[in-house]
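One letter stands for each residue in the lines below.
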Amino acid sequence: MAEVTLRGVAKVYPGNVKAVKNIDLDIKDREFMVLVGPSGCGKSTTLRMIAGLEEISEGEIRIGERLINDVPPKDRDIAMVFQNYALYPHMTVYDNMAFGLKLRKFKKADIDKRVKEAARILSIEDYLDRRPKALSGGQRQRVAVGRAIVRKPEAFLFDEPLSNLDAKMRVQMRAEISKLHTQLETTMIYVTHDQVEAMTMGDRICVMKDGIIHQVDSPINLYDNPANLFVAGFIGTPPMNFFSGEVLSRDGKLYFKEETFELPLVDSWKSAVSPYINRRVVFGIRPEDICWEKTGNGDYPKIKAEIEVIEPMGSETYLYLNTGMNSFIARVDAHKVLRVGDKVELPLFMPKAHLFDKETEKLII
């Protein structure tokens, strides 16, 4: 197994289209790293450069100590699992999994041992004689993963492998791949546009947009301490609420003022926020931090709004509200009796809120 290192890596397509812009990334040995971001952010291009399926325009990629810029894909000792499975329809499951080993002139006994071991790990022993058309989407994906496992590579690359599956199967396969990572103890690099996949699977997550890495961190640190507005809005379901306003100072205290409300800011924020007095900022707070339950009897500021939509989710309820100037979402107890049109006062759990610089979009606190 080995770490994967990217230094100053860039990809420029004809017409000076910059898909990836001078990124640096360190993926540790045996780590599960997830590259996540919206469509066109450069995550799949980055993965394909690691695989050798795209040429690097600038920079260096290493697997362990080995520079692989000019190493052909077949010699990089990586295995890739694609979105569309890429199985041979005329071959059985066994032959699909064995095909790469046969090309590498492995002995028949070794091939048989590796294929059956992978089939056991993935619970597909009963399907080895079937052809892909006789399998469900989840079973085909297991075969594609099995074909990668038999190689015993230094690193596994996954390019949105679950996007063709239904919602229930995606949840199941997420757990299967995470369990597989624990069993194999190998480096895995996983690309997805689904931030739920990223949060539930990754040891660390690399958030990308416009070919740039915006933040690399553990799931909980991304959620609690986003580096900027983009990360704060992209990570989390429902997304963080944002309100644009300015910082005011009055009687020794700092306030955030928006068109329809004013909030006293947390005292411990003073040193970080003082440089922004009379400047435009963005106040951010997550839906679960706008609720009666979390704040209890604490003396927290309240925001007045009208309920526009109620979404019962079983264990909780999402409220879509409007202050008259801004819409936002609150996540409340499912047993709270509420109706569309109700005017409510919701307390804000201020210790979990954030302020962002309006111009740079970077986190202030």
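What counts, and at which threshold
Residues numbered from 1 in each chain as written. Predicted model: local features only at pLDDT ≥ 70, side-chain atom pairs only at ≥ 80, totals over all residues. Heavy atoms only, no water. Helix = DSSP H or I, 4+ residues; strand = E, 2+ residues; numbered from the N terminus. Buried < 20%, exposed > 50% of the residue type's maximum accessible area, 1.4 Å probe, protein only. Contact = heavy atoms within 4.5 Å. Areas by Shrake-Rupley, 256 points an atom, 1.4 Å probe, with all protein chains shown as cover. Lys, Arg positive; Asp, Glu negative; His and termini not counted. Charge placed at Lys NZ, Arg CZ, Asp CG, Glu CD. Salt bridge = Lys/Arg side-chain N within 4 Å of Asp/Glu carboxyl O. Polar contact = N/O pair within 3.5 Å; in protein donor to acceptor, adjacent residues only side chain to side chain. Phe/Tyr/Trp six-rings, centres within 6.5 Å; stacked < 30°, edge-to-face > 60°. Lys NZ or Arg CZ within 6 Å of the ring centre and 35° of its normal. 1 Å grid on protein atoms, 1.4 Å probe; cavity = no way out; pocket = protein on both sides within 12 Å on 5 of 7 lines; lining within 4 Å. Points joined across faces, edges and corners; volume = space filled by probe spheres on them. Nonpolar A, V, L, I, M, F, W, Y, C, P; charged D, E, K, R; others polar. Pairing = 2+ DSSP bridges. Axes fitted to C-alpha atoms, helices over the stretch in contact; angles between N-to-C directions.

Draft legend 1. A look at the overall build of the protein. Counting its regular elements, the protein contains 10 helices and 19 strands. Out of the 365 residues in the protein, the part that is buried amounts to 49%. Long-range contacts, defined here as pairs at least 24 residues apart, represent 66% of the contacts in the protein between residues at least 6 apart. With the model as given, the accessible surface of the protein reaches about 17500 Å², and the carbon-plus-sulfur share is 48%. For the protein, the centre of its 52 positive side-chain charges and the centre of its 52 negative side-chain charges are spaced 5 Å apart.

Draft legend 2. Representation of the side chain of R286 in the model. Tracing the backbone shows R286 in the loop between β14 (280-285) and α10 (292-295). Nearest to the buried, unbridged R286 among oppositely charged side chains is E288, at 5.0 Å. For R286, the side chain forms a polar contact with the main-chain oxygen of I235, separated by 2.9 Å. With residues near it in sequence (within four places) discarded, R286 still touches L222, Y223, A232, I235, G236, M240 and N241.

Draft legend 3. Representation of the packing of aromatic side chains in the model. Overall, the coordinates contain 12 aromatic pairs when judged by the stated rule. Taken together through their ring pairs, the aromatic side chains of F243, F256, F261, F283 and F328 make up a single cluster. Residue placement shows R286 over the ring face of Y223; its charged tip is 3.9 Å from the ring centre. Positioned over the ring face of W292 is K336, at 4.6 Å from the centre of the ring.

Draft legend 4. Broad picture of the pattern of salt bridges. Within this structure, the stated rule accounts for 17 salt bridges. Measuring nitrogen to oxygen at the nearest pair gives 3.3 Å for the salt bridge that ties K352 to D224. Pair noted here: K352 is in the loop between β18 (343-347) and β19 (354-357) and D224 is in helix α7 (residues 219-224), with a separation of 128 residues, a long-range link. For K352, a relative accessible area of 33% translates into the label partly exposed. We note a salt bridge from D357 to R279, for which the minimum N-O separation is 3.6 Å.

Draft legend 5. Region of the structure containing empty space enclosed by the protein. The full count for this structure, using the stated rule, is 1 cavity of 30 Å³ or more. Each pocket or cavity is described by its volume, and for the largest cavity that value is around 70 Å³. Lining the largest cavity are I121, L122, R142, V145, M173, E176, I177, K179, L180 and Q183. Elements with a minimum of two residues in the lining of the largest cavity: α4 (137-149) and α5 (167-184). At 6 residues, the largest contribution of residues to the lining of the largest cavity is made by α5. Each residue belonging to the lining of the largest cavity can be placed in one class, and the counts come to 6 nonpolar, 1 polar and 3 charged.

Draft legend 6. Structural detail: the sheet that holds β14. If you trace the 5 strands from one edge of the open sheet to the other, you get β13-β12-β11-β14-β19, paired in antiparallel fashion. Each edge of the open sheet is held by one strand with a lone partner, namely β13 (262-264) and β19. The mean inter-strand angle of the sheet, taken between neighbouring strand axes irrespective of direction, is 40°.

Draft legend 7. Fine view of the layout of surface pockets. Roughly 530 Å³ of internal volume is contained in the largest pocket. Counting residues per element, the ones that place at least two in the lining of the largest pocket are β6 (78-81), α2 (93-103) and α4. At 6 residues, the largest contribution of residues to the lining of the largest pocket is made by α2. Of the residues assigned to the lining of the largest pocket, the class counts are 16 nonpolar, 2 polar and 4 charged. In this structure, the second largest pocket occupies an estimated 150 Å³ of space. Lining the second largest pocket are 12 residues, and of these E117, I149, K152, F156 and L184 lie nearest its centre. Per element, the largest residue contribution to the lining of the second largest pocket is 4 residues, and it comes from helix α3 (residues 108-121). Residues of the lining of the second largest pocket, tallied by class, amount to 8 nonpolar, 1 polar and 3 charged.

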